[in-house]
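Structural characterization, general
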Amino acid sequence: MRAKVLAAAVATVLAFGMAACADDSGSTSTDATGGAAGGGSGTIKSGLKVAFLPKQVNNPYFDTSDNKGGKLAVEEFKGTYSETGPSEASPSAQVSYINTLSQQGANVIAVSANDKDAICGALNEARQAGAKVVTYDSDTKPECRDLFINQATSEGIAKIQVKLISDAIGPDGGEIAILSATANATNQNAWIEQMKTELAKPDYSKLKLVDTVYGDDDDQKSFQEAQGLMAKHPNLKGIISPTTVGIAAAGRYLSGSSYKGKVQLTGLGTPNQMKAYVKDGTVKAFALWNPADLGYLAAYAGAALASGLIKGKEGDKFTAGKLGEFTVGKDGTILLGDPYTFKADNIDQFNF
């Protein structure tokens, strides 16, 4: 199934890209939502209010996951889509938005958590008021939501990033650093811990992690942190940035500096952000899932919950439109698929 999901993610990237979203199936999509979801009969209710609450608005990653993928899914099952959220990714910034969405009677709140603890109280109050809560991209504690849409396993994300930086630097290895998002981001911290585990393996014995810094998913701060890494570690050979804002900012800094081609950069980014840096030699390869598919799946999962087609229990099955069937795993987690590697010979095929 995972291979099927990855194939679907890659094959549909163009359809879900920044410039795409037209879909002729919108008028008949109620049937496509999975009449047999959860092993029973029924379809997704029309008219569901589905609200997306990203870590921060006006972030290219969430523009794609929410306003492309999520919105498309909601249109397919004839719901009402909205997106709201803070302009800065701070731990408690999402609380007031959750409260407002609950007061407005949202049926589904899809949230990418800035902090696994800080928004739990507000989310549980929203659930008590009748909303179904689906986390995506970055989770809360399991008891604070109904489902978590995981873009890929932490182990898989860590492995690909460590391999890419190792391949880029070469067999001699050297010092590397991590440029992360916020210090409290659940997903970032999980990936970093897994990267440390991966780096401890014999295959990567010549790589030495010397620093981890945080750009707070702010472009300018991330740029400055990348600059600071070079000042602090003059022998640095590579940077891993597991955040779309961070990798783009680091790419911009390195591409205009004397370190271009000497200090390798990889991490998680979108093709449109990174295309110029791949083509000018600043970046050899980077990875990501299709964020539009992530938002699309989150919307369908929340709608299946709100329609009573699934309970959010392990083993529940539902159909997420054109992505096909998914099964709820342990702790209410649904896995989208494996990361995909973007490089010079394929990046022009993608537009998001």
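Since we're looking at a predicted model, the values are computed, not measured.

The next thing to look at is the overall build of the protein chain. Looking only at helices and strands, one finds 11 helices and 14 strands in the protein chain. The buried share among the 352 residues of the protein chain stands at 54%. Pairs at least 24 residues apart make up 73% of the contacts formed inside the protein chain by residues separated by at least 6 positions. Roughly 13600 Å² of accessible area belongs to the protein chain as shown, and the carbon and sulfur atoms make up 48% of that amount.

This part takes up the side chain of H233. Position of H233 relative to the elements: it lies in the loop between helix 8 (219–232) and strand 8 (236–241). Judged by relative accessible area, H233 falls into the buried class, the value being 12%. In this structure the side chain of H233 is engaged in a polar contact, spanning 3.0 Å, whose partner is the side chain of D211. Leave out the neighbours within four places in its chain, and H233 touches E175, V210 and D211.

Attention shifts here to the nonpolar core. Core analysis: the largest hydrophobic core is formed by 85 residues, its most contacted members being F77, I149, W289, L297, F318 and I334. In terms of residues, this core owes the most to one element, helix 11 (residues 291–306), which gives 11 residues. Within the second largest apolar cluster, 14 residues are counted, among which are A113, I119, L123 and A126.

Tallied over the full model, the rule gives one disulfide. A sulfur-sulfur separation of 2.0 Å characterises the disulfide bridge that pairs C120 with C144. Of note, the bridge from C120 to C144 carries an S-S torsion of about 95° and is right-handed in sense. One end of the pair, C120, is in helix 5 (residues 120–128); the other, C144, is in the loop between strand 4 (132–136) and strand 5 (147–150), with 24 residues separating them in the sequence. No difference in accessibility class separates C120 from C144, as the two residues are buried.

Conventions used here
- Residues numbered from 1 in each chain as written.
- Predicted model: local features only at pLDDT ≥ 70, side-chain atom pairs only at ≥ 80, totals over all residues.
- Heavy atoms only, no water.
- Helix = DSSP H or I, 4+ residues; strand = E, 2+ residues; numbered from the N terminus.
- Buried < 20%, exposed > 50% of the residue type's maximum accessible area, 1.4 Å probe, protein only.
- Contact = heavy atoms within 4.5 Å.
- Areas by Shrake-Rupley, 256 points an atom, 1.4 Å probe, with all protein chains shown as cover.
- Polar contact = N/O pair within 3.5 Å; in protein donor to acceptor, adjacent residues only side chain to side chain.
- Core = buried A, V, L, I, M, F, W, Y, C linked by side-chain atoms within 4.5 Å.
- Disulfide = S-S within 2.5 Å.

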